[in-house]
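# Descriptive structure summary
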Amino acid sequence: MKFFIDTANLDQIKEAQELGVLDGVTTNPSLMAKEGITGRDNILKHYVDICNIVDGDVSAEVIATDFEGMIKEGQELADLHEQIVVKLPMIKDGVKACKYFSDNGVKTNVTLVFSPGQALLAAKAGATYVSPFLGRLDDISTDGLNLIEEIRMIYDNYGYETEILAASIRHTMHVINCAKIGADVMTGPLSSITGLLSHPLTDIGLEKFLADYKKGNS
Ligand code: G3P
């Protein structure tokens, strides 16, 4: 399972990268705004800064919602760095743009996916990644994990190579449950990755090992 971090915060990206388990980064306009990154030039520079920290794929989202605009903007993003994946919304022109980019060798991430039918369309359009939003479905009392399960079944039925990128992950149990279901990638906040480290028995066990070592070597 690949681990992506879902943030535009460079310190958090560095921390996850230094842990040695990071496979990529996802961003969106809200995450950019949260870091105070505004203005086209600053946003483009920020994507390059992120690419220079991580080794893997970095999703950069288009703002345009029409086909021509998405192609222009997506190409500009793709030209920034070889690690850039063009993130496109699941709307009619987004699907068309996805097909265009996949036919032209540009990686894509189809985002804002909330149904198996949308995921099927993204796969047929050749998306590199599809991003079902788990947490936002849970927020409205709908089983987000069930969506991941349905997409897994559909993709496996036909051997689609589109990777299921479980997004809107909020906590460690989302990560673990997505791993059980077979999501290819998860993207979540730093806490959803570092939270996997913790277990009280690990801390108690280590404390005892060190205390016993000290006894025998003092
Ligand atoms: O990757 C999608 C993500 O950024 C949305 O997460 O927590 O805003 O639902 P959230």
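Here we summarise the structure given alongside this text. (Residues numbered from 1 in each chain as written. Predicted model: local features only at pLDDT ≥ 70, side-chain atom pairs only at ≥ 80, totals over all residues. Heavy atoms only, no water.)

## Digging into the side chain of T26
Note that T26 resides in strand 2 (residues 24–26). We classify T26 as buried; its relative accessible area is 1%. A polar side-chain atom of T26 sits 2.7 Å from a polar atom in the side chain of D6. A distance of 2.5 Å separates a polar atom in the side chain of T26 from a polar atom in the side chain of T187. (Helix = DSSP H or I, 4+ residues; strand = E, 2+ residues; numbered from the N terminus. Buried < 20%, exposed > 50% of the residue type's maximum accessible area, 1.4 Å probe, protein only. Polar contact = N/O pair within 3.5 Å; in protein donor to acceptor, adjacent residues only side chain to side chain.)

## A word on the sheet that holds strand 6 (residues 129–132)
Adjacent strands of a sheet pair through backbone hydrogen bonds, lying either parallel or antiparallel. One closed barrel accounts for eight strands, arranged 1-2-3-4-5-6-7-8; its pairing is parallel. On average, adjacent strands in this sheet sit at an angle of 30 degrees to one another, irrespective of strand direction. Of the strands in this sheet, strand 4 (84–89) and strand 5 (108–113) touch helix 5 (residues 92–103), which is tilted by about 155 degrees from strand 4. (Pairing = 2+ DSSP bridges. Axes fitted to C-alpha atoms, helices over the stretch in contact; angles between N-to-C directions. Contact = heavy atoms within 4.5 Å.)

## Considerations on a negative patch on the surface
A surface patch of like charges, here negative, comprises D138, D143, E149 and E150. By the element assignment, E149 lies in helix 8 (residues 144–158). Here E149 falls in the partly exposed class, since its relative accessible area comes to 44%. (Patch = residues over 30% accessible without salt bridge, like charges linked within 9 Å, V, L, I, M, F, W, Y side chains within 5 Å. Areas by Shrake-Rupley, 256 points an atom, 1.4 Å probe, with all protein chains shown as cover. Salt bridge = Lys/Arg side-chain N within 4 Å of Asp/Glu carboxyl O. Lys, Arg positive; Asp, Glu negative; His and termini not counted. Charge placed at Lys NZ, Arg CZ, Asp CG, Glu CD.)

## Here's the deal with the layout of surface pockets
For the largest pocket, the calculated volume is near 380 Å³. If you go around the largest pocket, you meet 24 residues; those closest to its centre are D6, T7, N28, L31 and P189. Only helix 2 (29–34) and strand 8 (185–188) provide two or more residues apiece to the lining of the largest pocket. Here the lining of the largest pocket is built from residues that sort into seven nonpolar, eleven polar and six charged. (1 Å grid on protein atoms, 1.4 Å probe; cavity = no way out; pocket = protein on both sides within 12 Å on 5 of 7 lines; lining within 4 Å. Points joined across faces, edges and corners; volume = space filled by probe spheres on them. Nonpolar A, V, L, I, M, F, W, Y, C, P; charged D, E, K, R; others polar.)

## Details of the site of the ligand
Taken together, the neighbourhood of the ligand is formed by D6, N28, F133, R136, A167, S168, R170 and T187. Notes on the ligand: free accessible area 310 Å², of which the protein chains cover 82%. Mapping the ligand onto the cavity grids shows that it belongs to the largest pocket. (Near = heavy atom within 4 Å. Sits in = over half its atoms within 2 Å of the grid points.)

## Details of the environment of I164
With respect to the element layout, I164 can be found in strand 7 (residues 163–166). C-alpha separation for the pair I164 and C178, spaced 14 residues apart in sequence, amounts to 9.9 Å. I164 has contacts with V130, P132, I148, I151, R152, Y155, A183, D184 and V185, leaving out every residue within four places of it along the chain.

## Let's talk about the nonpolar core
By size, the foremost hydrophobic cluster in this structure holds 60 residues, and its most contacted members are I5, I13, L22, V25, Y47, L88 and Y155. With seven residues, the next largest nonpolar core counts F4, L165, A167 and V185 among its residues. (Core = buried A, V, L, I, M, F, W, Y, C linked by side-chain atoms within 4.5 Å.)

Don't take any of this as a statement about function, it's just geometry.
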